[in-house]
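# Observations on chain architecture
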Amino acid sequence: MSDTPFGFGLPPEEPEDGDEGKKKDPTGGGQGSGGPSNPFGFGPGAGGDNPFAAMFGSMNPNDLGAAFQQLGQMLSYEGGPVNWDMAKQIARQTVSQGTPDGSKDTSVGPSERSPVDEALRLADLWLDGVTSLPSGSVSSVAWSRAEWVEATLPAWQQLVDPVAERVGLAMGDVLPEEMQAMAGPLIGMMRSMGGAMFGQQIGQAVGTLAGEVVGSTDIGLPLGPAGKAALLPQNIERFGKDLSVPQDEVRLYLALREAAHQRLFAHVPWLRSHLFGAVEAYARGIKVDTSKLEDVVGQFDPTQPEQLQDALQQGMFQPEDTPEQKASLARLETALALVEGWVDAVVHEAAASRLTSADALRETMRRRRASGGPAEQTFATLIGLQLRPRRLRDASRLWASLTDARGVDGRDGLWEHPDMLPTAQDLDDPDGFVHHEQLDFSELDKMLGEAAQGKSPQRSADGEQGESEDGPEDGTGRGDGKDDGDR
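A short tour of the structure in this document, coming up. (Residues numbered from 1 in each chain as written. Predicted model: local features only at pLDDT ≥ 70, side-chain atom pairs only at ≥ 80, totals over all residues. Heavy atoms only, no water.)

Right, let's talk about the overall build of the protein for a bit. Along the protein, the regular secondary structure elements total 20 helices and four strands. Buried positions account for 50% of the 487 residues belonging to the protein. Considering only residue pairs separated by 6 or more positions, the protein has 77% of its internal contacts joining residues 24 or more positions apart. Just so you have it, the protein exposes about 23200 Å², and 49% of that area is on carbon and sulfur atoms. (Helix = DSSP H or I, 4+ residues; strand = E, 2+ residues; numbered from the N terminus. Buried < 20%, exposed > 50% of the residue type's maximum accessible area, 1.4 Å probe, protein only. Contact = heavy atoms within 4.5 Å. Areas by Shrake-Rupley, 256 points an atom, 1.4 Å probe, with all protein chains shown as cover.)

Right, let's talk about the environment of A351 for a bit. By the element assignment, A351 lies in helix α14 (residues 323-351). A C-alpha to C-alpha distance of 9.1 Å links A351 and L252, two positions 99 residues apart in sequence. Ignoring sequence-local partners within four residues, the contact set of A351 consists of Y253, L256 and A358.

Bringing the nonpolar core into the picture now. Core analysis: the biggest nonpolar cluster contains 88 residues, and W148, W156, L271, W342, W399 and W415 have the highest contact counts within it. Broken down by element, this core gets its largest block of residues, 13 residues, from α14. (Core = buried A, V, L, I, M, F, W, Y, C linked by side-chain atoms within 4.5 Å.)

With 29 residues, α14 extends 41 Å from end C-alpha to end C-alpha; this agrees with the ideal 42 Å at 1.5 Å per step. With 22 of 29 residues buried, α14 lies mostly within the body of the structure. (Expected span 1.5 Å × (residues − 1).)

The next subject is the packing of aromatic side chains. Taken as a whole and assessed by the stated rule, the structure comprises two aromatic pairs. Connected via pairs of aromatic rings, a cluster forms that spans W270, W399 and W415. Residue placement shows R406 over the ring face of F433; its charged tip is 5.7 Å from the ring centre. (Phe/Tyr/Trp six-rings, centres within 6.5 Å; stacked < 30°, edge-to-face > 60°. Lys NZ or Arg CZ within 6 Å of the ring centre and 35° of its normal.)

This brings us to unusual backbone geometry. A positive phi angle, close to 55 degrees, is found at S244, a residue other than glycine. Mapped onto the elements of the fold, S244 is located in the loop between α9 (233-239) and α10 (247-267). Relative accessible area serves as the criterion here: at 74%, S244 is assigned to the exposed category.

Another point: the packing of helix α11 (residues 271-284) against α14. When two helices pack together, their arrangement is captured by the angle between the axes and the distance separating the axes. Interhelical geometry of α11 versus α14 gives an angle of 150 degrees and a closest axis separation of 9 Å. When the axis of α11 is compared with that of α14, the two are roughly antiparallel. For α11 against α14, the interelement crossing comes out left-handed. Residues L271, H274, L275, A278, V279, A281 and Y282 of α11 pack against Q325, S328, L329, R331, L332, A335, L336 and V339 of α14. Split by residue class, the contact of α11 with α14 holds 11 nonpolar, three polar and one charged. (Axes fitted to C-alpha atoms, helices over the stretch in contact; angles between N-to-C directions. Parallel < 35°, antiparallel > 145°, perpendicular 65-115°, else oblique. Left-handed = near helix turned anticlockwise from the far one by under 90°. Nonpolar A, V, L, I, M, F, W, Y, C, P; charged D, E, K, R; others polar.)

Distances and angles like these do not, on their own, reveal function.
This is the structure in structure tokens:
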């Protein structure tokens, strides 16, 4: 579990070559630059550790009017638990700053779009031979980082809103009912500030993630529009830069992973709602520390909004340690592991005989997960879940064993219903699940066939006589007019 499980820690320090007006504090940007004496990050002391510095930056007196106008817009926010307009703004600003290694976002031209289209087309062709699920891609696209942000924000909203809602509700419950009417404006201000804080944190996280992801399904969830397979050419180039693997092989391997995810989410209709529902169920188990929140409400100073940020950062709420919450976490972890394990197994089967670097690329992706890759870390930060790499390897081995034991159709047939999928216990013992005794319906099929032909069922093993052909015409099967309870 992440130490700052829901993204309320301080945002990452901004790169030195960021946007104009967003330079680091030359003295180190300590807390003095963004503390109570300078709560909004105005002036040369604004640093990346202040949540408002990302919006306002280093101000001069001529900019104060615009800054306060933006602050007024924050305080007047009356939407949901997260200010998503702000999240989008911060994410776009983070993308425009570039990655720490100096890589700036660029628009995607025809010379980059064409190889992506070809890789995704070829990937679908190769997957046809290793899975019974047909193609799930209606179209293929090559995104810039900014386009990835725009396309995935609706999915982030669905993931994060249930968590943020818990804090919003708690803010209205900490005061006695008779005081809530009097404190209404203050509570409304705190909710607006809370939505802004969430928006700032999520925007920072999503913007940072945009510099790392290679497609629309990196975290095992369908973040992009349905049926749209997407790759980010610029990030793929960075991903393969130090791998000593031809760039076209890297692109094709990642296209296989994207296309495999698309097939799964397109043709397992319950899967998306199952995953997002598990996240929501997990969020419902969040317990807010009302004593800390009461302190914040009682001491809240509108001129020092960083107080709310500090309270959120210091663990104002944590998952409840209850059997129900543990079950929600296990269900979500298992579902994500099964998705990623299936993709890993299917892609390896498709690529092993065709790409000379398939094994190396597979291990690179696994290590990326094991070392807490950016996608996994961001997901853990936003909802408090860190997918354990051991589950991925166990799930991949289970799906591969199922292919050997039951064939492609038998393996993929398990996705027909969530109750048919392996459980967390099955991931601990994949071989036990693969080779457990399956029900034999041959005798039942035989009896149904005989009944359809009007034949008399055979005497059962316990000696009870089946119904005769000349039984009663009413079809009740009771020759003496009594039911079994009357005998």
